[in-house]
Amino acid sequence: MIAAARRDLEEILGSGAVLSDPLALRLYGRDASMLEGSCELVAIPSNREQVVACVRIARRRGLAVVPRGAGTGLAGGSTPLPGSLVIVTTRLQRILEIRPEDRLAWVEPGVLNLDLKRRLAPLGLTFAPDPASEASSTIGGNVATNAGGPHCLAYGVTANHIFAVELVLADGTVQSFGGEGPEAGGYDLRGVIIGSEGTVGVITAVCVRLTALPEAVQVLMLGFATVDDAAGVVSEVIAAGLTPAAIELMDRAIVRVVEDFAHAGYPVDAEAVVLIELDGLQGGVDRQRQAVEQIARSHGATVIQAASDPAHRARLWKGRKSAHGAITRIAPDFLQYDVVVPRTRLVEALAAVRVVARDEGLIIAHIVHAGDGNLHPLIMYDRRSPGALEHVLAAGERIVRACLEMGGSISGEHGIGLEKRDFMPLMFSAADLDLNDDVRAAFDPVRTMNPGKILSDVGRSHGPAAGHAAGAAPDEAGSWRR
Ligand SMILES: Cc1cc2nc3c(=O)[nH]c(=O)nc-3n(C[C@H](O)[C@H](O)[C@H](O)COP(=O)(O)OP(=O)(O)OC[C@H]3O[C@@H](n4cnc5c(N)ncnc54)[C@H](O)[C@@H]3O)c2cc1C
């Protein structure tokens, strides 16, 4: 099956775009999460027609399809399960059209988020979603995970910035969903595709909304003697009706390791550092800064520093955005959880994580998209120690359950993938899960698109989904047998 599929693919793509050597299979066998998959065959098409051919070959040869962008996902979304063809879309990297007057652009899915921003900046425009991985993650991956980022507090997540998506469906047909305006009519199927994590088709083009760059930007860096003081400022800033573009919180463990690495100028003796970005018209930004400074002082801020020149702002953000890389200096491995609580329960949620860390004897550091109540506890471990990963996963589950009890959710932005799929029944009833599976089946009746992601059979009432299994092959009519 694999050998035949490889021959078919090589005929269409050429041998350089079909990988099955051990190094490539290891590389494409996982994403940036700690989940290891099983990769047997990788195709790297360069255009939509080649994607269609890959999907048709997979179907003919009885393979599932795992769409993949840059592999920076943190939930195992592009981690392949046995019997899959991984289709990498990073070579579809053309910016097809920029129409400033319509505030939209058409791009291929392999365009990197930051590359699009760089092309737009001279026009005074931007693509607002800014995952911390913006330098390496693709627009296709951002759409498929409905990525968030620091500035999504004011601007909204990726879903708020996508007009239309072109998709290659499981049978190889190409369809567009949405339109070049905010209201396309009919059911919002575009909305179903955004965040579908590769389970409904392969994205081959995206129409993105463009946003004007603000006239003025300031970043405030605040240091605090306790994490609770820092979290208190976050709540009060929002309650005061201020509208920062971003509010990020880092605890002492992150601040220290980041400062050592990125030299951002963070106060290393602070228990927590908060970055607040304000943007808009100059007068409004100045007024908001004064109000934030006053709130910070009333919560005992030990450091208040404002940065308005671009180099200083960039340095402060570089620290935050290097956190993942920097942390590897103090721990060989870390599991980053992605959970959300209502913003007003942030202090409580941070305390709950501290209890888990103490009980389990683990070091847990925090990066928090504080304005959204989106916590990223980073649990340090060393996978070479027997049982370490299981221990960390058990601690992670305790954190998830604690956040759910506070009215939170199992994912703020990284998606469900393989990592969280078995937590879905904690949030959804069997009827909800069945309905989700029915929606998925409307796009992919035989469930060959990224099977096993988002939904598993756990907690469902339908029982095992009819669908792809390794070794399955379509009959003449194109339906599947095992
Ligand atoms: C250092 C670091 C920081 C991060 N910061 C953030 C953050 O701030 N906010 C955030 O939301 N995430 C963040 N992430 C997670 C990750 O970068 C995002 O989920 C990103 O959107 C994934 O893009 P990707 O191109 O790497 O996709 P991949 O990891 O390759 O894939 C992710 C999912 O999208 C699907 N997919 C990818 N391409 C396509 C396509 N063409 N068609 C259909 N499905 C597709 C895959 O099947 C998979 O389910 C971070 C990750 C790292 C490593």
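Reading the values: rules and limits
Residues numbered from 1 in each chain as written. Predicted model: local features only at pLDDT ≥ 70, side-chain atom pairs only at ≥ 80, totals over all residues. Heavy atoms only, no water. Domains from an automatic or database assignment. Contact = heavy atoms within 4.5 Å. Buried area = accessible area lost by both parts, 1.4 Å probe. Salt bridge = Lys/Arg side-chain N within 4 Å of Asp/Glu carboxyl O. Polar contact = N/O pair within 3.5 Å; in protein donor to acceptor, adjacent residues only side chain to side chain. Nonpolar A, V, L, I, M, F, W, Y, C, P; charged D, E, K, R; others polar. Helix = DSSP H or I, 4+ residues; strand = E, 2+ residues; numbered from the N terminus. Near = heavy atom within 4 Å. Axes fitted to C-alpha atoms, helices over the stretch in contact; angles between N-to-C directions. Parallel < 35°, antiparallel > 145°, perpendicular 65-115°, else oblique. Left-handed = near helix turned anticlockwise from the far one by under 90°. Core = buried A, V, L, I, M, F, W, Y, C linked by side-chain atoms within 4.5 Å. Buried < 20%, exposed > 50% of the residue type's maximum accessible area, 1.4 Å probe, protein only. Pairing = 2+ DSSP bridges. Phe/Tyr/Trp six-rings, centres within 6.5 Å; stacked < 30°, edge-to-face > 60°. Lys NZ or Arg CZ within 6 Å of the ring centre and 35° of its normal. Expected span 1.5 Å × (residues − 1). Arc of directions from axis to C-beta.

Caption draft 1: Quick peek at the domain arrangement of the chain. Taken domain by domain, the chain holds domain 1 (1-212 + 428-482), domain 2 (216-325) and domain 3 (331-418). Computed over C-alpha atoms, the centres of domain 1 and domain 2 are 35 Å apart. With nine residues of domain 1 at the contact, the number on the domain 2 side is eleven residues. Both sides together, the interface formed by domain 1 and domain 2 hides about 810 Å², and carbon and sulfur atoms give 58% of it. If you sort the residues of domain 1 by the area they bury against domain 2, P150, H151 and L153 come out on top, with a joint share of 56%. At the surface where domain 1 touches domain 2, the tally comes to two salt bridges. K321 is the partner of D130 in a salt bridge, and the nearest nitrogen-oxygen pair spans 3.9 Å. At the junction of domain 1 and domain 2, the tally comes to three residue pairs in polar contact (both at pLDDT 80 or more). For the side of domain 1 that touches domain 2, the residue count by class is six nonpolar, one polar and two charged.

Caption draft 2: A look at the environment of W317. One can find W317 in helix α11 (residues 310-321). Sequence separation between W317 and A262 is 55 residues; the distance between their C-alpha atoms is 9.9 Å. Excluding anything up to four places from it in sequence, W317 contacts P150, H151, V219, A246, E248, L275 and E277. Looking at W317, its side chain comes within polar contact range of the side chain of E277, at 2.6 Å.

Caption draft 3: Structural view of the site of the ligand. Around the ligand, the surrounding shell holds 35 residues, and the nearest of these are P67, T72, G73, S133 and T138. In this structure, A70 approaches the ligand through a main-chain N or O atom, which is 2.9 Å from an oxygen atom. Interatomic distance of 2.7 Å between a backbone N/O atom of G73 and an oxygen atom of the ligand. For the shell around the ligand, the elements supplying multiple residues, two or more each, are β3 (64-68), α5 (139-145) and β10 (202-209). The element that contributes the greatest number of residues to the shell around the ligand is α5, accounting for five residues. Classifying every residue of the shell around the ligand by side-chain character gives ten nonpolar, 22 polar and three charged. In terms of domain composition, the shell around the ligand takes at least three residues from each of domain 1 (1-212 + 428-482) and domain 3 (331-418).

Caption draft 4: How the structure looks around the packing of helix α1 (residues 2-13) against helix α3 (residues 48-60). Viewed as axis vectors pointing N to C, α1 and α3 meet at an angle of 165°, and their least axial separation amounts to 10 Å. Relative to α3, the element α1 is oriented roughly antiparallel. The crossing of α1 and α3 is right-handed. Residues A5, D8, L9, I12 and L13 of α1 form the contact with α3, whose own contacting residues are Q50, A53, C54, I57 and R60. Tallied by class, the residues present in the contact of α1 with α3 amount to seven nonpolar, one polar and two charged.

Caption draft 5: Representation of the nonpolar core within the structure. Counting residues in each nonpolar core, the largest one holds 57 residues, and the members touching the most others are L222 and I276. The dominant element in this core, judged by the number of residues it contributes, is helix α14 (residues 388-405), at eight residues.

Caption draft 6: Structural view of the pairing of strand β9 (residues 174-178). Direction of pairing for strand β8 (residues 162-168) relative to β9: antiparallel, over a ladder of five bridges. Paired with L167 across the strands is Q175, a residue of β9.

Caption draft 7: Examining the packing of aromatic side chains more closely. Tallying each qualifying case throughout the model produces one aromatic pair. Between F177 and F443, the ring centres sit 5.7 Å apart and the planes meet at 50°, which makes this aromatic pair tilted. Of this pair, F177 sits in strand β9 while F443 sits in helix α16 (residues 430-443), placing them 266 residues apart in sequence. Here F177 falls in the buried class, since its relative accessible area comes to 7%. Taking NZ or CZ as reference, K321 lies 5.9 Å from the ring centre of W317, over its face.

Caption draft 8: Geometry of helix α10 (residues 282-298). In a regular helix each residue adds 1.5 Å, so 17 residues correspond to 24 Å; α10 covers 25 Å between its end C-alpha atoms and thus fits that length. Those residues of α10 lying buried are V285, Q288, R289, V292, E293, I295 and A296. Viewed along the axis of α10, the buried residues span an arc of 160°, placing them on a single side of the element. What points out from α10, more than 90 degrees from its buried face, is the exposed set R287, Q294, R297 and S298. One or two positions beyond α10, positive phi appears at G300, with a value near 75°.

Caption draft 9: Looking closely at the sheet that holds β10. The strand order across the open sheet formed by five strands is β5-β6-β10-β8-β9, and the pairing between neighbours is antiparallel. Strand pairing shows two members of the sheet lacking a second neighbour, β5 (95-99) and β9, which therefore form its edges. With direction set aside, neighbouring strand axes in the sheet form an average angle of 15°. Relative to strand β6 (residues 104-107), β5 is paired through four bridges, and the arrangement is antiparallel. Residue pairing for β6: I98 is matched across the bridge by A105.

Caption draft 10: Region of interest: the sheet that holds strand β4 (residues 84-88). With respect to topology, four strands assemble into an open sheet ordered β1-β2-β4-β3, the strand pairing being mixed. One side of each edge strand has no neighbouring strand; the edge strands of this open sheet are β1 (18-19) and β3. Pairing analysis gives two bridges linking β1 to strand β2 (residues 41-43), with the strands arranged antiparallel. Along β2, the bridge assignment pairs L19 with V42.

Caption draft 11: Broad picture of the pattern of salt bridges. What the rule picks out here adds up to 28 salt bridges. R99 serves as the salt-bridge partner of D102, at 2.8 Å between the closest nitrogen and oxygen. Its relative accessible area of 16% is what places R99 among the buried residues. The residue E360 makes a salt bridge to R398 at a minimum N-O spacing of 3.1 Å. Here the residue E360 occupies a position in helix α13 (residues 346-360), and R398 occupies one in helix α14, the gap between them amounting to 38 residues. Judged by its relative accessible area of 22%, E360 falls in the partly exposed class. Here R398 falls in the partly exposed class, since its relative accessible area comes to 33%. Among the charged side chains, a network of salt bridges with common partners joins E97, R99, D102 and E180.

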